[in-house]
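# A structural walkthrough
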Amino acid sequence: MKNILVLGANGKTGRRVAARLQAFNVRLGSRNAPIPFDWEDNNTWAPALQDMDAVYISFQPDLAVPGADHTIAAFSKTAFAAGVQKLVLLSGRGEPEAERCEQAVIQSGIDWTIVRASWFMQNFTESYMAAPIEAGFVALPVGEVGEPFIDADDIADVAVAALIDNKHSQQIYEVTGPALLTFREAVAEIAKVTGRQIHYEGISMDEYTTQLALHGVPADITNLLTYLFTEVLDGRNATVANGVERALGRKPTDFFTFLKKSMP
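These notes cover the structure that comes with them. As the structure is a computational prediction, the values presented were derived from the model and not from experiment.

### Some remarks on the overall build of the protein chain
Regarding its fold elements, the protein chain presents 11 helices and 8 strands. Over its C-alpha atoms the protein chain spans a radius of gyration of 18 Å, differing by no more than 12% from the 18 Å that the globule rule assigns to 264 residues. Counting only C-alpha atoms, the protein chain reaches 55 × 40 × 35 Å along its principal axes. Here the protein chain holds 264 residues, and the buried ones make up 51% of them. Considering only intrachain contacts with a sequence separation of at least 6, the fraction spanning at least 24 residues in the protein chain is 76%. Summed over its atoms, the accessible surface of the protein chain is roughly 11900 Å², and 50% of this surface lies on carbon and sulfur atoms. Counting 22 positive and 32 negative side-chain charges, the protein chain places the centres of these two groups 6 Å from one another.

### Notes on the pattern of salt bridges
Taken as a whole and judged by the stated rule, the model has 19 salt bridges. The closest approach of N and O atoms between Asp-157 and Arg-20, which form a salt bridge, is 2.6 Å. Note that Asp-157 is positioned in helix H6 (residues 152-164) and Arg-20 in the loop between helix H1 (14-19) and strand S2 (25-29), a separation of 137 residues in sequence. Accessibility expressed as a relative area gives 33% for Arg-20, which makes it partly exposed. Its salt-bridge partner being Glu-231, residue Arg-236 comes within 3.6 Å of it at the nearest N-O pair. Given a relative accessible area of 33%, Arg-236 falls into the partly exposed group. By relative accessible area, which is 37% here, Glu-231 ends up partly exposed. Here the residues in one salt-bridge network are Arg-15, Arg-16, Arg-20, Glu-126, Asp-151, Asp-153, Asp-154, Asp-157, Arg-250 and Lys-261, joined through shared partners.

### Considerations on the nonpolar core
One finds Phe-124, Leu-140, Phe-183 and Phe-229 to be the most contacted residues of the largest nonpolar core, which totals 33 residues. Among the secondary structure elements, those contributing two or more residues to this core are strand S6 (137-140), helix H7 (183-194), helix H8 (205-214), helix H9 (219-232) and helix H11 (255-262). Here this core takes 6 residues from H9, the largest share from any one element. Here Phe-229 is in contact with Trp-119, Leu-140, Pro-141, Val-142, Phe-183, Met-205 and Tyr-208, once residues within four sequence places are set aside.

### Digging into the packing of aromatic side chains
Inspection of every chain in the model, using the stated rule, returns 16 aromatic pairs. Ring plane angle 70° and centroid distance 6.0 Å describe the contact between Trp-39 and Trp-45, whose orientation is recorded as edge-to-face. Judged by centre distance (5.3 Å) and plane angle (80°), the rings of Tyr-208 and Phe-229 are edge-to-face. Note that Tyr-208 is positioned in helix H8 and Phe-229 in helix H9, a separation of 21 residues in sequence. Residues Tyr-208 and Phe-229 agree in their burial class; the two are buried. Members of the aromatic cluster, connected to one another through ring pairs, are Trp-119, Phe-124, Phe-149, Phe-183, Tyr-208, Phe-229, Phe-255 and Phe-258.

### Some remarks on the pairing of S2
In this structure, strand S1 (residues 3-7) lies alongside S2, joined through 5 bridges in parallel fashion. The residue of S2 that forms the bridge with Ile-4 is Val-26.

### Description of the sheet that holds strand S3 (residues 54-57)
One open sheet holds the 6 strands; their spatial order is S2-S1-S3-S4-S5-S7, and the pairing between them is parallel. Taken across any chain shown, the strands that pair with only one partner, and hence form the sheet edges, are S2 and strand S7 (171-174). Looking at each pair of strands side by side, their axes are set apart by 15° on average, direction ignored. Where S1 meets S3, 3 bridges bridge the pair, whose relative direction is parallel. For Ile-4, the partnering residue across the bridge sits in S3 and is Ala-54. Docked against the sheet, helix H3 (residues 68-81) engages S1, S3 and strand S4 (86-92), running at close to 165° with respect to S3.

The rules behind these values
Throughout this document, residue positions are counted from 1 along each chain, in the order its sequence is written. Local features in this predicted model are restricted to residues of pLDDT 70 or higher, and side-chain atom pairs are both shown and tallied only at a pLDDT of 80 or more, whereas totals for entire chains, interfaces and linings draw on every residue. Working from all heavy atoms in the structure, the side-chain values ignore hydrogens and water. Under the DSSP-based scheme used, a helix requires at least four consecutive residues in state H or I and a strand at least two consecutive residues in state E, with every element numbered from the N terminus. Between the two quantities, the radius of gyration covers C-alpha atoms and the globule rule is 2.2 Å times the number of residues to the power 0.38. We call a residue buried when its accessible area falls under 20% of the maximum for its residue type, exposed when it is over 50%, and partly exposed in between, using a 1.4 Å probe and counting protein chains only. Any two residues whose heavy atoms approach within 4.5 Å are treated as being in contact. Residue burial considers only the protein chains on display, and all accessible areas are found by Shrake-Rupley using a 1.4 Å probe. Positive charges come from Lys and Arg alone, negative charges from Asp and Glu alone, with His and the N- and C-terminal ends not counted. All charge positions are set by atom: Lys at NZ, Arg at CZ, Asp at CG, Glu at CD. One speaks of a salt bridge when a side-chain nitrogen belonging to Lys or Arg is within 4 Å of a carboxyl oxygen belonging to Asp or Glu. The criterion is simple. A nonpolar core is a set of buried Ala, Val, Leu, Ile, Met, Phe, Trp, Tyr and Cys residues joined through side-chain atoms within 4.5 Å. Pairing of aromatic rings covers Phe, Tyr and the six-membered ring of Trp, with a centre-to-centre limit of 6.5 Å; geometry is then stacked below 30 degrees between planes, edge-to-face above 60, and tilted otherwise. Any two strands with at least two DSSP bridges between them are considered paired. Only C-alpha atoms enter the line fits that serve as axes; for helices the fit covers just the stretch in contact. Angles between N-to-C directions range over 0 to 180 degrees.

Rendered as structure tokens:
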């Protein structure tokens, strides 16, 4: 039976991956796990990797942060020394910084699969947009660019398949939802499904960062959100990809279906 380490085990995808691997020996990778794992403390890496056959890598806070590629390269080297046989990396779609992290995994000497994703549907229900949605007012610094929001459950399904089946070896799966939606359209769809009034307003990046500061959001997270809204949402990802179909032989979850299963 495979021994699998799931990093980011408390995150949106990590906890879903771990839940799907109950038939295997799963080790949860987080600071408060029985065998703790901390990206900022490389002394925790080798103990967490001991006796593991495969690893799901979800990097915090994001592969776009400065130095992430060096951290991923160092971790991959440690994993190779520990005898790990498979790495599955959750990567960023349309992010050059993330692609450098991918190369660190690809060049590690370990079998690999890359899962590229961008904006999760769960960002509207489990993350920083959940409170504004609940309050009925969403203000974001983004124009009318389309985004093929992806269900984190689909990401987890692809990642698990890659962890347990060698047919996914050395594959790069670019995973998206089946259709493009602007953030304005996504919020309107949420309002329609829930029957609530939710107002959407486009604001400037300066206005947005001011609001984040007022709500006590740390500077590193603010910098990351600024990058995502100004760089990644420039239209580079305004296309639908077929990674879910290639990996699983089925279509990805659409936004309406996601909302019906997720929203009260």
